[in-house]
Amino acid sequence: MKFFVDTAEVNEIRELADIGLLDGVTTNPSLIAKSGRQFKEVIAEICSIVSGPVSAEVVSLDYAGMMREAAELKKIAKNVTIKVPLTIDGLKACKALTSEGTMVNVTLCFSANQALLAAKAGASFISPFVGRLDDIHLDGTELIAEIRQIYDNYAFDTEILAASLRTPLHVKQVALIGADVATMPPAVIKGLVKHPLTDKGIEQFMADWKKTGQSL
Ligand code: G3P
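Because the structure is predicted, anything quoted here is derived from the model rather than measured. The numbers attached to residues start from 1 for each chain and follow its sequence in the written order. Residues qualify for local features only when their pLDDT is at least 70, as the model is predicted, and side-chain atom pairs are given and counted only at 80 or more; totals for whole chains, interfaces and linings, by contrast, use all residues. As a rule here, side-chain values cover all heavy atoms of the structure and leave hydrogens and water aside.

1. Some remarks on the overall build of the protein chain
Selection criterion: We count a stretch as a helix when DSSP gives it H or I for four or more residues in a row; a strand needs E for two or more, and each element gets its number in order from the N terminus. Note on definitions: a residue-residue contact is assigned when non-hydrogen atoms from the two residues lie within 4.5 Å. Residue exposure ignores everything except the shown protein chains as possible cover, and the areas themselves are Shrake-Rupley values with a 1.4 Å probe. Under the counting rule used here, the positive set is Lys and Arg, the negative set is Asp and Glu, and His together with the chain ends is not counted. To locate a charge, take NZ of a lysine, CZ of an arginine, CG of an aspartate or CD of a glutamate.
Across its full length, the protein chain carries eleven helices and eight strands. Along the three orthogonal principal directions, the C-alpha set of the protein chain runs to about 70 × 40 × 30 Å. For the protein chain, long-range pairs separated by at least 24 residues make up 56% of all intrachain contacts whose partners lie at least 6 apart in sequence. As presented, the protein chain carries roughly 11400 Å² of accessible surface, and 57% of it is formed by carbon and sulfur atoms. If you average the places of the 22 positive and of the 26 negative side-chain charges in the protein chain, the two averages end up 3 Å apart.

The structure is reproduced here in structure tokens:
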């Protein structure tokens, strides 16, 4: 399973990339706004840190505008992945961009049929939002399972990029189902390592080691 980080904060991206666990980055207009930085500048900096796919989202809602913005974003770096919304215009842009060899992430997916359309449009990634379905009392992980089955039924190449993952439990659930990628905020990635018995075990080992009076 690939790990992407869902943020536009370059210091956090650098820290996670240094550990060696980062396969890519996803951003969206809300995360860019939160960073307080210029969109193209921050995407360029992220692409200089991470060699895997870096999603940059178009903000036009019409096909022509999306294509114009995609052309601008593609100039930033080879690993820029164009992110388009799951609309008719977004699917049309997806088809056009993937046909010319550009990676596309189709975002804001909330149903299996939407994911089927994205795969037919040649999407490199489909982004179903797990947490936002949970927010309205639906089971976001059930959607991941449905998409996994449909993509496997027809051997679609589109990778399932489980998004809006808010907890380590979400990560485990989508990994068990077989999502190809999990994109998570930095705190969720760091949360995966934590277990109270690991901390307790380290404390015990350190105390016992001290009793030996030895050093390494
Ligand atoms: O990748 C999508 C993600 O940024 C949405 O997360 O927590 O705002 O639903 P959230």
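2. Things to note about the site of the ligand
Filter applied, for reference: One heavy atom suffices: a residue is near a molecule or strand as soon as one of its heavy atoms comes within 4 Å of it. Under the rule applied, a polar contact is a pair of N or O atoms within 3.5 Å (in protein, one hydrogen donor and one hydrogen acceptor; residues adjacent in sequence only if both atoms are side-chain atoms). For this classification, Asp, Glu, Lys and Arg are treated as charged, while Ala, Val, Leu, Ile, Met, Phe, Trp, Tyr, Cys and Pro are nonpolar and the rest, including Gly, are polar.
Around the ligand, the neighbouring residues are Asp6, Asn28, Phe129, Arg132, Ala163, Ser164, Arg166 and Thr183. With respect to the ligand, the side chain of Arg132 contributes an N or O atom lying 2.6 Å from an oxygen atom. Separating an oxygen atom of the ligand from a side-chain N or O atom of Arg166 is a distance of 2.7 Å. Protein chains shield 80% of the accessible area of the ligand, which is 310 Å² for the free molecule. Among the residues making up the shell around the ligand, the classes are represented as two nonpolar, three polar and three charged.

3. Quick notes on the side chain of Asn105
Relative to the helices and strands, Asn105 is located in strand β5 (residues 104–109). At 2.8 Å, the side chain of Asn105 forms a polar contact with the side chain of Ser127.

4. A short note on a nonpolar patch on the surface
What counts is decided by this rule: Exposure above 30% relative accessible area and the absence of a salt bridge qualify a residue for a patch, where like charges join within 9 Å and nonpolar side chains (Val, Leu, Ile, Met, Phe, Trp, Tyr) within 5 Å. Salt bridge, as used here: a side-chain nitrogen of Lys or Arg that lies within 4 Å of a carboxyl oxygen of Asp or Glu.
A cluster of nonpolar side chains, namely Ile202, Phe205 and Met206, defines an oily patch on the protein surface of about 340 Å² accessible area. With respect to the helices and strands, Phe205 occurs in helix α11 (residues 196–212).

5. Section: the pattern of salt bridges
Should their charged atoms come close, side chains of opposite charge can pair. Worth spelling out the cut-off: Throughout, exposure labels follow a simple rule: accessible area from a 1.4 Å probe, protein chains only, divided by the maximum for the residue type, with under 20% read as buried, over 50% as exposed, and the rest as partly exposed.
Enumeration over the complete set of coordinates arrives at 13 salt bridges. Glu41 is paired through a salt bridge with Arg37; the nearest N and O atoms lie 2.9 Å apart. The exposure class assigned to Arg37 is partly exposed, which follows from its relative accessible area of 25%. Across the pair Glu45 and Arg37 runs a salt bridge whose closest N-O atoms are separated by 2.7 Å. In this structure Glu45 comes out as partly exposed when scored by relative accessible area, which is 24%. Each of Arg14, Arg37, Glu41 and Glu45 takes part in one network of salt bridges that share partners.

6. Details of the packing of helix α4 (residues 63–74) against helix α5 (residues 88–99)
Test applied: Helix axes are fitted to C-alpha atoms over the stretch in contact, other axes to C-alpha atoms as well, and angles between N-to-C directions run from 0 to 180 degrees. Should an angle lie under 35 degrees it is considered roughly parallel, over 145 roughly antiparallel, and from 65 to 115 roughly perpendicular; all remaining angles are considered oblique. Each helix crossing is assigned a hand: it is left-handed if the near helix lies turned anticlockwise from the far helix by less than a right angle, otherwise right-handed if that turn is clockwise.
Following both chains from N to C, one finds α4 and α5 inclined at 45 degrees, their axes separated by 9 Å at the closest point. As summarised for this structure, α4 and α5 are arranged oblique, according to the angle between their axes. Judged by the twist between their axes, the crossing of α4 over α5 is right-handed. Contacts between α4 and α5 involve Tyr63, Met66, Met67 and Ala70 on the former and, on the latter, Asp89, Gly90, Lys92, Ala93, Ala96 and Leu97. A breakdown of the residues in the contact of α4 with α5 according to their chemical character gives seven nonpolar, one polar and two charged.

7. Notes on the pairing of strand β7 (residues 159–162)
The line we're drawing: Any two strands with at least two DSSP-identified bridges between them are counted as paired. By definition, the crossover connecting two strands over a helix is right-handed if that path, from the first strand to the second, turns clockwise as seen with the strands pointing away from the viewer.
As defined by bridge partners, strand β6 (residues 125–128) adjoins β7 across two bridges and the pair is classed as parallel. Residue pairing in the sheet places Ile126 in a bridge with Ile160 of β7. With respect to chirality, the unit in which β7 leads through helix α9 (residues 168–177) into the neighbouring parallel strand β8 (residues 181–184) is right-handed.

8. Description of the sheet that holds β5
Note: strands within a sheet are paired through backbone hydrogen bonds, in either parallel or antiparallel orientation. Within the closed barrel, the eight strands sit side by side as β1-β2-β3-β4-β5-β6-β7-β8. Their pairing is parallel. Between one strand and the next, the sheet's axes are offset by a mean angle of 30 degrees, whatever the strand orientation. Where β5 and β6 come together, three bridges link them in parallel fashion. Residue Val106 lies in a different strand from β6, and its bridge partner there is Ile126. The strands touched by helix α3 (residues 39–49) within the sheet are β2 (24–26), β3 (54–57) and β4 (80–85), with β3 carrying the most contacts at an inclination of about 170 degrees.

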